[in-house]
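# Inside the fold
Chain by chain, the residues run as shown.
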Amino acid sequence: AKSPVDSHNRHVWFAEPAIKEGVLTEDGLIQIANHKYQAGSYTLLDTYLSPRLWQPLTDMLPMWLAPNVVTTIGGTYCLLSFLLSSYYLSASTGDNDA
């Protein structure tokens, strides 16, 4: 099996020198292999909103939908909301410079 340590002679970054030795030590590779992600509730909003709001909403999404797509859709919604608000606010105040 090929080692996950980078052994290339060329370096792809413009401003960094090439690394001749491995990027990770063997101990570092073992720690990464044994790492287990543990999610937790850190705030009061997480404690109260997660089971009542976020979990039911995420259950409506299809499992094949990537998390980045959900973030992009949410960001697009925020951007459109901002653009529409700024358009109608400038129209209602008579300030057409916006």
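Cut-offs and rules
- Residues numbered from 1 in each chain as written.
- Predicted model: local features only at pLDDT ≥ 70, side-chain atom pairs only at ≥ 80, totals over all residues.
- Heavy atoms only, no water.
- Helix = DSSP H or I, 4+ residues; strand = E, 2+ residues; numbered from the N terminus.
- Buried < 20%, exposed > 50% of the residue type's maximum accessible area, 1.4 Å probe, protein only.
- Areas by Shrake-Rupley, 256 points an atom, 1.4 Å probe, with all protein chains shown as cover.
- Polar contact = N/O pair within 3.5 Å; in protein donor to acceptor, adjacent residues only side chain to side chain.
- 1 Å grid on protein atoms, 1.4 Å probe; cavity = no way out; pocket = protein on both sides within 12 Å on 5 of 7 lines; lining within 4 Å.
- Points joined across faces, edges and corners; volume = space filled by probe spheres on them.
- Patch = residues over 30% accessible without salt bridge, like charges linked within 9 Å, V, L, I, M, F, W, Y side chains within 5 Å.
- Salt bridge = Lys/Arg side-chain N within 4 Å of Asp/Glu carboxyl O.
- pLDDT = per-residue confidence, 0-100.
- Phe/Tyr/Trp six-rings, centres within 6.5 Å; stacked < 30°, edge-to-face > 60°.

### Points about the overall build of the chain
- Assigned secondary structure in the chain consists of three helices and zero strands.
- Each helix (α) and strand (β) of the chain, taken in turn from the N terminus, gives the series α-α-α.
- Per-residue burial over the chain gives 4% buried out of 98 residues.
- Of the roughly 9600 Å² that the chain leaves accessible, carbon and sulfur atoms contribute 63%.

### Examining the side chain of Ser90
- Here Ser90 is to be found in helix α3 (residues 67-93).
- For Ser90, a relative accessible area of 13% corresponds to the buried category.
- For Ser90, the side chain forms a polar contact with the main-chain oxygen of Tyr87, separated by 2.9 Å.

### What about the layout of surface pockets?
- For the largest pocket, the calculated volume is near 210 Å³.
- Around the largest pocket, the lining residues are Thr58, Leu61, Pro62, Met63, Leu65, Pro67, Val70 and Thr71.
- Considering each element in turn, the lining of the largest pocket owes the most residues, three residues, to α3.

### So, a nonpolar patch on the surface
- On the surface, a nonpolar cluster with roughly 420 Å² of combined accessible area is contributed by Leu53, Trp54, Leu57 and Met60.
- In this fold, Trp54 is placed in helix α2 (residues 44-59).

### Quick notes on the confidence of the model for the chain
- Counting all residues, the mean pLDDT for the chain is 78, and 71% of those residues have values of 70 or more.
- Least confident of the elements in the chain is α2, whose mean pLDDT is 83; most confident is α3, at 90.

### Looking at the packing of aromatic side chains
- On inspection of all chains with the given rule, the structure shows one aromatic pair.
- Ring geometry for Tyr87 versus Tyr88: centroids 5.1 Å apart, planes at 80°, classification edge-to-face.
- Judged by its relative accessible area of 53%, Tyr87 falls in the exposed class.
- Residue Tyr88 is classed as exposed on the basis of its relative accessible area of 54%.

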